[in-house]
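Given next are the chains, with one letter for each unit.
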Amino acid sequence: MTFPQFVYRNVVRNKRTYAAYFLSSAFSVLIFFVYALFIFHPDIKQGVTKTAAIQLMTAAEVIMYVFSFLFVLYSVSTFLKSRKREFGILMMHGMTRNQLNLMVFLENMLIGIGAIVVGIGLGLITGKLFLMIGAKMIGIGPLRFYFSEKALLLTTFAFIILFFCISLFTTALVRVNKLIDLFQAGEKPKTEPKVSPFLSLLSAVLLIASYYLAATATLQTLIIRMLPVIAMTIVGTYFFYTQLSVFITKLLQKNRGLFWRKTNMITISSLRYRLKDNARMFFMVTIVSTVAFCAVGTLASMNVMNRQVKQDFPAEISYLANDDQPVNQQNLVQIETELKERKLEYTSHQIPIKYIAVASSTDRFTPKEIPVVSFSDYEKIMTSAGNAFKEKRLAGKEVLGMRTGSFSNPEGVTYTLKQDHIKLRQNKMSKNTVLPMQLIFSEGLVISDELFEKVTPENTKIYTGFYTSDLKKTSGIGENLVEHGMKFYSDKGPYSMSVSGTIYENQMSMYKMMLFVALLIGAVFFIAAGSFLYFRLYADLDYDRRHYLTITKVGLTNQELNKIVTRQLSLLFFVPILVAFLHSVFAFMALQSLFSLSIAKEIVIVLASFLIAQFIYFFLIRFRYLRNLKKTLV
Amino acid sequence: MSILEVRHLEKIYEGKVAHKALDNINFSIEKGEFVGIMGPSGSGKTTLLNLIATIDRPTAGEIFINGKNPHVLNRKETALFRRHELGFVFQHFNLLDTLTVEENIVLPLTLDGESVKEMDKKLQYVTKKLGIDSILKKRTYEISGGQMQRTAIARSIIHSPSLILADEPTGNLDSKASKDVMETFTAINKEEKATALMVTHDPFAASYCHRVIFIKDGKLYNEIYRGENRQAFFQKIMDMLALLGGESRDLSAVRL
Ligand SMILES: Nc1ncnc2c1ncn2[C@@H]1O[C@H](COP(=O)(O)OP(=O)(O)O)[C@@H](O)[C@H]1O
Ligand SMILES: [Mg+2]
């Protein structure tokens, strides 16, 4: 056996220990490679409209790379820690520092190159599938499988560099001061964990404060609060694991009634050491999982855009004619023809919008004129759009602010009209969007039918709404009249117009692509978090074996052992996930301020899927762990 | 010439309360000698062995192995010193379970970059001698405790070290395996002229030594020589242990 042979055998035969590290590295390579295949796909590059997609994917590729780097580095360092004893034995037999470094370096390169080969191999096998799913998700036709050399080279080189740097790093990580420390690693009884009441308190304060700030964030405060809240949460979480949690178990331990009952004593006391030992791991898993949940949850919540479009644009096609040029008549005819060609059933309504002169207003900025619609017309629009209409009929000088989108204008403004100095006080916004913001570009009022008859307008515009039952089917109508489904209001143009189907499709394709990216990144982060747990568990396996061996000697039944192990593992698996859930829930509460529609359903679905995935992972690991443990106990 | 010479050795463990684990230890071991170290639990046996093994550093005093003081060497030289001059046998065997029996045995030679042919030759020789030549291809979890310890012994002698150090080599073995292991030690000591220092608290194992040094509370207490009769030696060891007040294993007598 020569030295390189020795290194090779050491890796290949030690599959269990290296497996998690190897597989997660290979997985990183796989994802990176598939992304690269996507980016370098000629069909994608040709679609000019998808430059945003390419940019987003490129950004995701960079993020993936940076994360892979940190991830592999962390994996390696826990991995090396679990091998202290082995290094001790080798150094006992006269392995020099250089040989040790060389060994670790070669091992890493071996694993790294293996991971690159396996990752790319899997990428080639599953590439077709990924391209299909990806193409579907970002809303382009099916992509043929295209093998891109550039993607292959990029992946290979990027990861060779990555593993090379990591391998160099690791030699610095194995710092051996005294051989005796290496040798007795894991044999020494662990020292009592210390905690500071001050830092425990600080952690509680930071977490509560950031939860409060997140929960009460509004559209205006969100941007200012975001960074401080994130920083506070991260610091708070760190001290939560290193200080507060240990502090709490210490209090539990003082309670003899609880502590001295059955297996509680064993669970709580080892939990304390475990918390302290694993604090950094818990912290990392929590943060990484939170990022995964938030990435996927944020995107999933954009699913409400479907409903949002319907809300912002009550009519599937809205057309606002600024004047009575013949072109408007032609356009309306064209729209009707197109609707008929598509065999879409539709209804349409025309309502007048009167622009009346304003003398003054209590608003900061007084418009020269203000558009008004009558209450009956508002009702007509809403019932045609299929909304249940329940608002109280206006009478006399009662007015409502005209809602033009999800976000309301300030309420409580009084307008004084030039005509007879009529004062109109707007105390409330209409419940629903009357006219889309993009078409009218101004605040407006809904007024009572009598008043509408009475006012003399500076000019009158005609609004036409076309209503169908399926918004998506209107996509592409009036392509020559609008750009991306929208013609914005302008002073000079003869009309403004919106086509909900096209708008929806545009938003959805961008959204789907982001979701695709977020899902992949979320999956990578989630799997990474899982492998952190796995590493940790196997790093402690030796110690645990001895620990449980002692306990079983005292007399512990099989069921009791199962119970203790299950409880401890579930803590290891679910404590960080639950904390991450809590963090995410508050993050989503802040996010909610961006949406007018509730995103609760989407969030619950996302979090539940993650929880199920974690359960599956938990049972898998528990099964393997118990089997491993019992092998030595019988 | 003495292979091992220990002079005024002192070891203090720093901590909340500094603890003097070894105090002015002096002794030497001649070439070809097989020496046992005994003492009650906590008397400093492992500490002494660790210092000689260059795993830990002494607070004061000197150790010479083959005339060289390993504690004045730099890190690389210490590693090479260990590789060439010392062989180790441990209570917990400390075999690498990723390697087969034969690979574990040749490990010190592998680290030294010896040719495969030479390694094979030495491997055949020692494994025949230790009676483990039939299990060379097995992995460590497929063999018994006694076989593991004999594998560890083979590993400790394959590079013909000046001094073999053993810490409780029979501590994890049953009586039959202990006997095998001790007879193996005796054989290599006789036939290979190997010098060995063994820490044990098992009087049965100690009775195979030429000489047993007793320490108590970190100080040399006494030493006794074997002479011709092992049975009588065993009795003397038992008496000495009784005098020391440590735990003694009455049941060990049954094995004789
Ligand atoms: N790393 C250490 N730190 C502090 N004290 C130690 C350490 N190792 C051993 N000791 C103490 O030194 C004394 C001798 O220990 P040791 O050499 O292991 O005894 P033996 O092997 O004879 O049972 C004991 O009292 C032990 O508590
Ligand atoms: Mg000892």
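As the structure is a computational prediction, the values presented were derived from the model and not from experiment. (Residues numbered from 1 in each chain as written. Chains lettered and ligands numbered in written order. Predicted model: local features only at pLDDT ≥ 70, side-chain atom pairs only at ≥ 80, totals over all residues. Heavy atoms only, no water.)

> It is not clear to me how the overall build of chain B should be interpreted in this structure. Could you clarify?
Of regular secondary structure, chain B possesses eight helices and nine strands. Partitioning the contacts of chain B with sequence separation of at least 6, the portion at a separation of at least 24 is 68%. For chain B, the accessible area works out to roughly 11000 Å², and carbon and sulfur atoms hold 49% of it. (Helix = DSSP H or I, 4+ residues; strand = E, 2+ residues; numbered from the N terminus. Contact = heavy atoms within 4.5 Å. Areas by Shrake-Rupley, 256 points an atom, 1.4 Å probe, with all protein chains shown as cover.)

> In this structure, what is going on with a positive patch on the surface? I would like to understand it.
Taken together, the side chains of Lys390, Lys392, Lys428 and Lys431 of chain A present a region of like positive charge at the surface. By secondary structure assignment, the location of lysine 431 of chain A is in strand β6 (residues 423-433). (Patch = residues over 30% accessible without salt bridge, like charges linked within 9 Å, V, L, I, M, F, W, Y side chains within 5 Å. Salt bridge = Lys/Arg side-chain N within 4 Å of Asp/Glu carboxyl O. Lys, Arg positive; Asp, Glu negative; His and termini not counted. Charge placed at Lys NZ, Arg CZ, Asp CG, Glu CD.)

> Can you walk me through the sheet that holds strand β6 (residues 163-167) of chain B in this structure?
Backbone-to-backbone hydrogen bonds pair the strands of a sheet. The strands run either parallel or antiparallel. Residue and element names in this part refer to chain B. Ordered by their spatial adjacency, six strands build an open sheet running β5-β6-β7-β3-β8-β9, and the pairing between neighbours is mixed. Pairing within the sheet leaves two strands with one partner each, and these edge strands are β5 (86-89) and β9 (219-225). Between one strand axis and the next, the sheet turns by 20 degrees as a mean value, whatever way the strands run. Sitting on the sheet, helix α1 (residues 45-52) is in contact with β3 (34-38), β5, β6, β7 (196-199) and β8 (211-216), with an inclination near 150 degrees to β6. (Pairing = 2+ DSSP bridges. Axes fitted to C-alpha atoms, helices over the stretch in contact; angles between N-to-C directions.)

> For this particular structure, what's the right way to read the site of ligand 1?
Residues and elements named next belong to chain B. Neighbouring residues of ligand 1: Tyr13, His19, Ala21, Pro40, Ser41, Gly42, Ser43, Gly44, Lys45, Thr46 and Thr47. A distance of 2.7 Å is found between an oxygen atom of ligand 1 and a backbone nitrogen or oxygen belonging to glycine 42. Contacts to ligand 1 include threonine 46, whose side-chain N or O atom sits 2.7 Å from an oxygen atom. Against a free-state accessible area of 560 Å², the protein chains account for coverage of 62% of ligand 1. Looking at the shell around ligand 1, the elements with two or more residues in it are β2 (19-30) and α1. Counting residues per element, the shell around ligand 1 draws most heavily on α1, at three residues. (Near = heavy atom within 4 Å. Polar contact = N/O pair within 3.5 Å; in protein donor to acceptor, adjacent residues only side chain to side chain.)

> Can you help me understand unusual backbone geometry in this one?
For residues other than glycine, phi is negative in most cases, and the peptide bonds are mostly trans. Residue and element names in this part refer to chain B. Backbone geometry at glutamate 168 places phi at a positive 50 degrees, although glycine is not the residue there. Structurally, glutamate 168 is set in the loop between β6 and α6 (175-191). Positive phi values are uncommon outside glycine, yet lysine 193 reaches one of about 55 degrees. The residue lysine 193 is located in the loop between α6 and β7 in this model.

> How do you make sense of the pairing of strand β1 (residues 317-321) of chain A when you look at a structure like this?
Note on strand geometry: in a regular strand, side chains alternate between the two faces of the sheet. All names here are of chain A. Counting buried positions along β1 yields five of five residues, so the element is predominantly enclosed. Where burial is concerned, the two faces of β1 agree: the one with Ile317, Tyr319 and Ala321 and the one with Ser318 and Leu320 are both buried. In the sheet, β1 pairs with strand β8 (residues 459-467) via five bridges, with the strands oriented antiparallel. Across the sheet, the residue bridging to isoleucine 317 is phenylalanine 466, located in β8. (Buried < 20%, exposed > 50% of the residue type's maximum accessible area, 1.4 Å probe, protein only.)

> Even after reading the chapter, I still don't get the side chain of asparagine 69 of chain B, so can you show me in this structure?
Residues and elements named next belong to chain B. Relative to the assigned elements, asparagine 69 resides in the loop between β4 (60-65) and α2 (75-85). Look at asparagine 69 and you get buried, because its relative accessible area is 15%. Contacts of asparagine 69, omitting those with residues within four sequence positions, involve Glu62, Ile63 and Phe64.

> What is the right way to read the sheet that holds strand β1 (residues 2-13) of chain B from this model?
All names here are of chain B. Taking strand neighbours across the sheet as the criterion, the three strands line up as β2-β1-β4 in an open arrangement whose pairing is antiparallel. Looking at which strands have only one partner, the edges of the open sheet turn out to be β2 and β4. Going from strand to strand, the sheet's axes swing by 15 degrees on average, the running direction of each strand aside.

> Would you explain the packing of aromatic side chains in this entry?
The description of two aromatic rings rests on the distance between their centres and on the angle between their planes. Counted under the stated rule, the structure contains 27 aromatic pairs over all chains. Consider the rings of phenylalanine 574 of chain A and phenylalanine 615 of chain A, whose centres lie 4.8 Å apart with planes at 40 degrees: the pair is tilted. Taken as a pair, phenylalanine 574 of chain A in helix α19 (residues 558-592) and phenylalanine 615 of chain A in helix α20 (residues 600-633) lie far apart in primary sequence, 41 residues in all. The exposure class assigned to phenylalanine 615 of chain A is partly exposed, which follows from its relative accessible area of 37%. Taken together, the ring pairs in this structure connect Phe573, Phe574, Phe615, Tyr617, Phe618 and Phe619 of chain A into an aromatic cluster. For lysine 354 of chain A, the ring lying beneath its charged end belongs to phenylalanine 452 of chain A, and the centroid distance is 4.5 Å. In this arrangement the basic side chain of arginine 230 of chain B is found over the ring face of tyrosine 208 of chain B, its NZ or CZ atom lying 4.0 Å from the centre. (Phe/Tyr/Trp six-rings, centres within 6.5 Å; stacked < 30°, edge-to-face > 60°. Lys NZ or Arg CZ within 6 Å of the ring centre and 35° of its normal.)

> Any chance you could explain the confidence of the model for chain B here in plain terms?
When pLDDT drops low, the exact placement of atoms in the prediction is not to be read closely. Looking at chain B, pLDDT values average 86 and 96% of them are 70 or higher. Overall, residues 248-256 of chain B carries pLDDT values under 50, and its contacts beyond four positions in sequence, including any with other chains, amount to 20 contacts. (pLDDT = per-residue confidence, 0-100.)

> Quick question: what am I supposed to make of the pattern of salt bridges here?
Where charged atoms of side chains with opposite charge meet at close range, the side chains can pair. Residue and element names in this part refer to chain B. Here the structure, examined in full by the defined rule, presents 21 salt bridges over all chains. One salt bridge connects arginine 211 with glutamate 33, and the closest N-O pair in it is separated by 3.0 Å. Residue arginine 211 is located in strand β8, and its partner glutamate 33 is located in the loop between β2 and β3; the two are separated by 178 residues in the primary sequence. Classification of arginine 211 as buried rests on a relative accessible area of 4%.

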